[in-house]
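# Survey of secondary and tertiary structure
So the chains spell out like this:
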Amino acid sequence: MISEQAKQRMRDLASRYPVARSAVMPALYIAQQEEGYITHDALQAVAEAIGLTVDDVESIATFYTMYYQQPPGKKVIKVCTSISCYLRNCDALVQHLEKRLGISRGETTADGNYTLMTAECLASCGTAPVLQINDEFVEHVTLEMADALVDEWDRELKGLGTQSIAPDTQRVSSTRAQ
Amino acid sequence: MPEENKDELVHLTIDDIPVAVPPGTLVWAAARQIGIEIPIYCYHPKMPPLGACRMCFVEIEKMPKPPQTACTTPVSEGMIVHTKTEKVQKARRGTLEFLLINHPLDCPICDKGGECDLQDFTLRHGPGGTRFDLYKRHYPKPVPVSDRVMLDRERCILCQRCTRFSSEISMDNGLVMISRGYKMEVGTAPDHAFDSIFSGNTVEMCPVGALTASAYRFKARPWELKRTPSVCNNCSVGCNARIDVRVDKIMRLMSRTNDAIDDGWLCDRGRWGFEFVNSPQRLRTPLIRQNGRLQPATWDEAIYMLASRLRIIADKHGPEAIGGIGSTRTTNEEAYLFQKLLRGVIGTPHIDHHHGSFPGPRDALTGRPWMMTNSIADIEKAAHIVLIASDPYERQPILNLRIKKAIKAGAHIYIVNEGATELDRFAASKITIPQHGAGMAAKMLLKHVLSGTIDNPRQYEDIRASLEQDNDAISAAGQTFGLEATTQLQHLAETIATSKGAILLYDEMATLAPGCSDLAADVQALAVITGNINRPGSGVGPLVEDANSLGARDMGVLPDALPGYRPAPEKGMAYNEMLSSQGIHALYVMGANPLRHVSGLPPNLELLVVQDIVLTETAQQADIILPAVTFAEKDGSMTNIDHHVQKIVHALRPLPGAKADWEILTMLANQLGQKWNYSSPQEVLLEIAATNPFYAGLTWEDLGAQGVRTQGLEVARA
Amino acid sequence: MPELIITKDIDAPGLDTIEGYRQHGGYEALGKALKEYQPDDLVEMVKKSGLRGRGGAGFPTGMKWSFLAKNDKLRYLCCNADESEPGTFKDRMIMEKNPHQLVEGVIITSYACRVSTAFIYVRGELALAGRQVERAIQEAYAAGYIGKNILGSGFSLDVVMHRGAGAYICGEESALMESLEGRRGYPRLKPPFPAAIGLYGGPTVINNCETLSTIPAIVKNGADWYATFGTEKSKGTRIFCVSGHVKKPGNYEAPLGTPIRTLIYDEQYGGGILDDKELKAIIPGGSSTPILGADKVDTPLDFEAIAAAGSMLGSGGIIVMHEDTCIIDAVLRMTEFYRDESCGKCTPCREGTYWLTEILHRIEHGHGKQKDVDLLLDICDNISGKSFCPLGDAATSSIISSVKLFRDEYEAHVREGRCPFKHRAEPDYPEAGVQSLQAGAR
Ligand SMILES: Cc1cc2nc3c(=O)[nH]c(=O)nc-3n(C[C@H](O)[C@H](O)[C@H](O)COP(=O)(O)O)c2cc1C
Ligand code: SF4
Ligand code: FES
């Protein structure tokens, strides 16, 4: 169920752009924040708010990879596997996480806690290998770090059960520059 | 494309053949004009170029990065195009090889086999074989996208014709592209059907066998089909169609582009609504009621019996005791002979058919007969389109597409209706009125327009006067309509009065609703007063119902008009009067079903004869039933909503035992002592042409493949 | 250490706030532009500075601005911050650490091009960058740098941060506009070019994030000053993103014309090859640009010299590979990217990239056939120059160049039936994960 406030936010967005249609992507984000992924309600709500057909919205939602078509875990781990991270042995990191979480890439743990994905170049090649946890960067990831991170998340998850997909931590990346 | 203008043609050569075309023409179209085939998939002449499939490669001298795509490149003066160079052929082979790597090549069981662009272009432009030796992508096949259309994603080449039809032409965005890249597929939202009355066009546009019609799947191979150019019989638009027949059964209707009428499209009702032709319920022999039960009879018996019973009744009660109810679906020739028989042979003035209520055969203000004054194509030129109590999507579907084309061209549409319509979401203003409010809405519009806004109101004193009588009613309506609707109507009136060109349309049958008997006259007046008639992009008139509704009027199947709207010497009874009159003792019904519209038959009826293709409600009551044939089994002409006179041509042999209405009428006339010797509808058309100013001089040959719009003829001669 | 322009104060604490940015002279250029210059003067200035686009094509920025159609339609500016080119990570740094510099560049450019609404299209995956830019915009509104009658100049502007949602193709300017208009990110037919008919049908400027971030410095210090950096035809400095097998990967701003060698080996830059191994290959401008052999290491990094060497300066992403790199596996990794990021609109790119990955995959895993290498080249020939947009061409550049440079390595894979670089046989991985969550249950 999409909340009335969420629908209102979508309508406001629609009026903020020169053409209502432009609001479809931000509106899908709002829907995904509420539902966790693009449900039928999500399509319906966006379609109504922006004045499109559900098929039209589905067509857009499935073009962009950040709109999930299936429920993701509470923690979505995206490991970059593009060329620069590849050269810095990201594959070992992925395999390590697969073992540690007991799932292969693209899967979600049975308890619904973790989804492990591989991602296209995350613009963090200078700090490879790199992963994102719910869209926030962790850079220069070693296998030891990976274990420590999972431990930390496990503790966190035990602490507060379900929580939203995108926490607002303000960590500025350590991308080096001289 | 800009219209031809000799001195501003662009000259180029394609494969060394010189060709001259209007500016803006695409290289693909220029090549086609001189018979050079450039293969295309994503491009469709009725849609803007996309350039996606990369099939239409050509080489153009002095252009960067050869080869170029012919479907996206407009011609330019002195351009030199080559369509057969090694570069071009390699590029085309490359694209075809790409398209085939994941194609299942299940041609033997594919409905498209034999008329498939992928097969044909591969044969003419493709590689000899594929170098792809890996696993092909697989999908469950086929999946229904609606109960009418099936999708086979393995065969799909992702040209986007179907999805772009859905977004660009029918504008209902029901069929879309899902996912992207090599995972891209055609589809809809999960568990959401592609329900569009235009869905059949996507099947016809699909260059391969990806989209198929549940109605046609596995029924025939294209090369087994006998193809007859004809006209759809479903509604008054008269879309040009090709009837494809296999062993005396209609398999499908395909579009037969006529830019003036259908713009290349068919609606699903027309495309797939032909079951009544193939129906086992068809009547195959005349029937005569004997001691209460309908018994088969020979044609001679039936015609003899009918003639003698008509004579007896005429002798006993006079010919005025006989009434005739004609059809909105039979040909002009048959409608003409029907009224000729009743008026000339039997001698009764009582003849009519089921139609909207119009004051007299002609509009008093302009002297024109009641018909849409603008052409279908004119709709594209309108600045404003006003739809009063009408819903083309439901009743004249292909007009809905023309209106959408107008919307794309910048037209504003206004919808005055008691209910919701498909076009509402495009409306500049949707004015929701109370039930049966259309008549009053028209009066309110007229009143606004007459109150001052017009320069020379003197001229319309009489209209103002007659409107005066309704004054109380109009002000009272202010209450029932509510403030919003009344102000909307006020704005609309101003818009119409100041429009560069407005087209005002209402549904013929809406005039039958209580309080709407003046609708036709008032809307016509509205158009005339605001100068929205006889101007480009302007017009007014009824959206008539059936394939030959307008023809029936033209042919004088009316109580008060002879063919060509000449006043009838003696005004006969109208449809409803006849059906309830004490004085009617015999009723001759041809191709109509009054009991669908009225509760009962004339109280003193002694003879009911029905000429039809199935046992309708009315036929079940009949004393004599004469089995007729459908539009698909006979020749003749029909007149569509914007007065195009078009040929229908028999695609099937007549059903054994049944006869064409014109033949039946001729038999009966001769049985009644006439010497009618028409051997074909063509001869009847000559007689019509000689007497009816709207058909003056028309011959069967004149009708050609696309018909002629003859509305102007009367004016021209006068 | 040469003078820095874009990344001058990049690591200064608090630079990402408006006060911090002001302390380092932020928004002075804006004041100067609005007070001392007419829009057209600024266009001339940027022309004179010789600044060329940092997004990939390297098109002269001032000239692009001067192409804007002169009609009564509303004009738009799109900042292309969709940074997704593998090996490129400069725009993200700018947005996260110095978002106000970008915003100031956007405002000045909007003034110069008479734009009334500007959009900053930030790649969806870069959530923090998006938040930083959004906050900078809000602060700028509050400070009166954006909004009605900016600094009393009579110039008014709205700026909107628009988040992408995972599609590399939306970095292509016309696909970016489609995406901004709420559609699937398909590239548009050109002509018409954005400068004539762009966003919402209006004349539109599209510039890269780094390009726009350079504008304030040029306005502040003048075109001639900027033109003193770099080479004859490639002026100024740019951020080179050095990644792969170097000791100190990272973003390094340097004048155009700096030799590749300097950026790889110099202590203040890459600091040499990891484990002091041999250099094997260099990709000079992001994964879309052809691979160069080690012999090209002394090529100066300017548009002309790199082109002459057989590649492109592209997005400035320098990817370094040392001797242990299996070129086929690396190329496979890059080709998979284009397969997954192909928008699917046109046949050659959609089907061709799929086919290419299948073949590379089987070569890498020892199932290759003799004919495969030439087949790869022929498929590339059927894609490049035939696809609708440059993504198709980009997908082929690493393959074509690697076969040219390392054909023997391809043949060794086929001959030995294994990857010579892998000591133990590796398992084949299933499909990339993002896609499989994507694909849904359908
Ligand atoms: C497939 C493709 C992807 C691109 N991705 C980006 C990108 O991520 N960021 C960018 O600034 N330009 C990208 N470009 C270049 C843009 O199309 C455009 O040329 C550039 O943004 C213009 O800005 P500039 O003149 O300042 O470089 C891409 C081009 C193509 C063909
Ligand atoms: S080359 Fe074709 S399929 Fe590939 S991204 Fe461009 S338009 Fe899309
Ligand atoms: S027909 Fe020209 S690209 Fe498809």
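Shown above is the structure to which this text applies.
Everything numeric here is computed off the predicted structure, so don't read it as measured data.

## Things to note about empty space enclosed by the protein
Residues and elements named next belong to chain B. Overall, the coordinates contain eight cavities of 30 Å³ or more when judged by the stated rule. Computed from the structure, the largest cavity encloses a volume of approximately 200 Å³. Residue lining of the largest cavity: 17 residues in total, with Val-203, Ala-213, Tyr-216, Arg-252 and Met-254 positioned closest to the centre. For the lining of the largest cavity, the secondary structure elements donating two or more residues are α5 (199-205), β10 (211-213), β13 (249-255) and α6 (268-272). Split by residue class, the lining of the largest cavity holds eight nonpolar, three polar and six charged.

## Thoughts on helix α1 (residues 4-16) of chain A
Residues and elements named next belong to chain A. End to end, α1 covers 18 Å across 13 residues, agreeing with the expected 18 Å (1.5 Å per residue, within 8%). Among the residues making up α1, those that are buried are Ala-6, Met-10, Leu-13 and Ala-14. Viewed end-on, α1 has its buried residues packed into an arc of 100 degrees, placing them on one side of the element. Projecting away from the buried face of α1 at angles above 90 degrees are the exposed residues Gln-5 and Ser-15. On the buried face of α1, the contacting elements are α2 (24-35) and α3 (40-50).

## Examining the layout of surface pockets
Estimates place the volume of the second largest pocket at around 1,600 Å³. Contributing elements (two or more residues each) for the lining of the second largest pocket: α4 (54-61) of chain A, α4 (161-169) and β8 (176-178) of chain B together with α8 (173-180) of chain C. The greatest single-element share of the lining of the second largest pocket, amounting to four residues, is contributed by α4 of chain B.

## Examining the site of ligand 1
Residues and elements named next belong to chain C. Around ligand 1 sit 19 residues in total, of which Gly-55, Lys-64, Asn-207, Asn-208 and Thr-211 are the nearest. Between an oxygen atom of ligand 1 and a main-chain N or O atom of Arg-54, the distance comes to 3.3 Å. In the model, an oxygen atom of ligand 1 is placed 2.8 Å from a nitrogen or oxygen of the Asn-208 side chain. Burial of ligand 1 by the protein chains amounts to 89% of its free accessible area of 610 Å².

## A word on the packing of helix α15 (residues 372-383) of chain C against helix α16 (residues 390-416) of chain C
Residues and elements named next belong to chain C. The contact between α15 and α16 brings their axes to 9 Å, and the two run at 155 degrees. The pairing of α15 with α16 is recorded here as roughly antiparallel in orientation. Handedness of the α15/α16 crossing: left-handed. On the side of α15, the interface is formed by Val-373, Asp-374, Leu-376, Leu-377, Cys-380 and Ile-383, while α16 contributes Gly-392, Thr-396, Ile-399, Ile-400, Val-403, Arg-407 and Tyr-410. When grouped by side-chain class, the residues that make up the contact of α15 with α16 number nine nonpolar, two polar and two charged.

## A closer look at the interface of chain B and chain A
In this complex, chain B contributes twelve residues to the contact, which on the side of chain A involves twelve residues. In this assembly, chain B packs against chain A so that about 1,000 Å² is buried in total across both faces, 56% of it on carbon and sulfur atoms. Linking chain B with chain A are zero salt bridges. A per-class count over the side of chain B that touches chain A returns five nonpolar, five polar and two charged.

## Structural notes on the sheet that holds strand β3 (residues 131-133) of chain A
Residue and element names in this part refer to chain A. Pairing in this open sheet of four strands is mixed, and the strands run β2-β1-β3-β4 from one edge to the other. Taken across any chain shown, the strands that pair with only one partner, and hence form the sheet edges, are β2 (114-119) and β4 (136-138). Pairwise comparison of adjacent strand axes, ignoring direction, gives a mean angle of 25 degrees for this sheet. Direction of pairing for β3 relative to β4: antiparallel, over a ladder of three bridges. Bridge pairing in β4 links Leu-131 to Val-138.

## Some details on the packing of aromatic side chains
Taken as a whole and judged by the stated rule, the model has 31 aromatic pairs over all chains. Taken together, a centroid distance of 5.2 Å and an interplanar angle of 75 degrees make the contact between Trp-225 of chain C and Phe-229 of chain C edge-to-face. Residue Trp-225 of chain C is classed as partly exposed on the basis of its relative accessible area, which comes to 22%. One residue, Arg-137 of chain B, lies across the ring of Tyr-354 of chain C, its end atom 4.8 Å from the ring centre. Stacked on the ring of Phe-63 of chain A, the Lys or Arg Arg-180 of chain B has its end atom at 5.7 Å from the ring centre.

## Quick notes on the nonpolar core
Considering soluble globular proteins, one finds that nonpolar side chains tend to be buried as a cluster. Formed by 113 residues in total, the largest nonpolar core has its most connected members in Ile-107 and Ile-120 of chain C. A per-element tally of this core places helix α6 (residues 99-112) of chain C first, with seven residues. When residues no more than four places from it in sequence are discounted, the contact partners of Ile-120 of chain C are Cys-79, Ala-81, Leu-102, Val-106, Val-133, Ile-137, Val-159, Val-160, Met-161 and His-162 of chain C. In this structure, Val-24, Tyr-29 and Tyr-64 of chain A together with Ala-165 of chain C belong to the second largest nonpolar core, which totals 96 residues.

## Topic: the interface of chain A and chain C
The partner chain C presents 85 residues to the 61 residues of chain A that form the contact. Between chain A and chain C, roughly 6,200 Å² of surface is buried when both sides are summed, and carbon and sulfur atoms account for 55% of that area. In this structure, the salt-bridge partner of Arg-163 of chain C is Asp-135 of chain A, at a minimum N-O distance of 3.8 Å. The tally of links between chain A and chain C comes to 25 residue pairs in polar contact (both at pLDDT 80 or more). Contributions of two or more residues to the side of chain A that touches chain C are made by α2, α4, α5 (83-87), α6 (90-101), β2 and β4 of chain A. Counted by class, the side of chain A that touches chain C contains 27 nonpolar, 21 polar and 13 charged residues.

## A word on the sheet that holds strand β17 (residues 351-352) of chain B
Residue and element names in this part refer to chain B. Strand order in the open sheet formed by seven strands is β15-β14-β27-β26-β25-β16-β17, with mixed pairing between adjacent strands. For this open sheet the edge positions go to β15 (293-296) and β17, each flanked by a neighbour on one side alone. Across the sheet, helix α9 (residues 332-346) lies against β16 (322-325), β17 and β25 (586-590), angled at about 175 degrees from β16, the strand it touches most. Sheet contacts for helix α19 (residues 661-671): β25, β26 (607-612) and β27 (624-627); angle to β25, the most-contacted strand, approximately 150 degrees.

## Observations regarding the side chain of Ser-174 of chain C
Assignment of secondary structure puts Ser-174 of chain C in helix α8. Aside from chain neighbours lying at most four places away, what touches Ser-174 of chain C is Tyr-186, Pro-187, Arg-188 and Lys-190 of chain C.

## Some thoughts on the environment of Leu-294 of chain B
Residue and element names in this part refer to chain B. With respect to the helices and strands, the residue Leu-294 is situated in strand β15. Considered as a pair, Leu-294 and Ile-80 are 214 residues apart in the sequence and their alpha carbons are 75 Å apart. If we ignore the near neighbours within four places in the chain, the residues touching Leu-294 are Leu-287, Ile-288, Arg-289, Leu-615, Ala-622, Asp-623 and Ile-625.

## Things to note about the environment of Asp-244 of chain B
Residue and element names in this part refer to chain B. Mapping Asp-244 onto the fold places it in strand β12 (residues 240-246). Along the primary structure Asp-244 and Ile-625 are separated by 381 residues, whereas in three dimensions their C-alpha atoms are 30 Å apart. Ignoring any residue separated from it by four or fewer positions in sequence, one finds Asp-244 in contact with Leu-225, Lys-226, Arg-227, Lys-249, Ile-250, Met-251, Arg-252 and Met-254. A polar contact of 2.6 Å, which involves the side chain of Asp-244, links it to the side chain of Arg-242. Reaching out from Asp-244, the side chain makes a polar contact with the side chain of Arg-252 at a distance of 2.9 Å.

## Quick look at the site of ligand 2
By nearness alone, 13 residues border ligand 2, and Ser-342, Cys-343, Cys-346, Cys-349 and Cys-389 of chain C come closest of all. Class assignment of the residues belonging to the shell around ligand 2 gives a composition of eight nonpolar, four polar and one charged.

## Some thoughts on unusual backbone geometry
Backbone torsion omega between Lys-141 of chain B and Pro-142 of chain B reads -20 degrees, so that peptide bond is classified as cis. Even without being glycine, Asp-135 of chain A reaches a positive phi, approximately 75 degrees. Tracing the backbone shows Asp-135 of chain A in the loop between β3 and β4. Exposure remark for Asp-135 of chain A: the relative accessible area of 14% places this residue in the buried category.

Conventions used here
Residues numbered from 1 in each chain as written. Chains lettered and ligands numbered in written order. Predicted model: local features only at pLDDT ≥ 70, side-chain atom pairs only at ≥ 80, totals over all residues. Heavy atoms only, no water. 1 Å grid on protein atoms, 1.4 Å probe; cavity = no way out; pocket = protein on both sides within 12 Å on 5 of 7 lines; lining within 4 Å. Points joined across faces, edges and corners; volume = space filled by probe spheres on them. Helix = DSSP H or I, 4+ residues; strand = E, 2+ residues; numbered from the N terminus. Nonpolar A, V, L, I, M, F, W, Y, C, P; charged D, E, K, R; others polar. Expected span 1.5 Å × (residues − 1). Buried < 20%, exposed > 50% of the residue type's maximum accessible area, 1.4 Å probe, protein only. Arc of directions from axis to C-beta. Contact = heavy atoms within 4.5 Å. Near = heavy atom within 4 Å. Polar contact = N/O pair within 3.5 Å; in protein donor to acceptor, adjacent residues only side chain to side chain. Areas by Shrake-Rupley, 256 points an atom, 1.4 Å probe, with all protein chains shown as cover. Axes fitted to C-alpha atoms, helices over the stretch in contact; angles between N-to-C directions. Parallel < 35°, antiparallel > 145°, perpendicular 65-115°, else oblique. Left-handed = near helix turned anticlockwise from the far one by under 90°. Buried area = accessible area lost by both parts, 1.4 Å probe. Salt bridge = Lys/Arg side-chain N within 4 Å of Asp/Glu carboxyl O. Pairing = 2+ DSSP bridges. Phe/Tyr/Trp six-rings, centres within 6.5 Å; stacked < 30°, edge-to-face > 60°. Lys NZ or Arg CZ within 6 Å of the ring centre and 35° of its normal. Core = buried A, V, L, I, M, F, W, Y, C linked by side-chain atoms within 4.5 Å.

On their own, these measurements won't tell you what the molecule is for.
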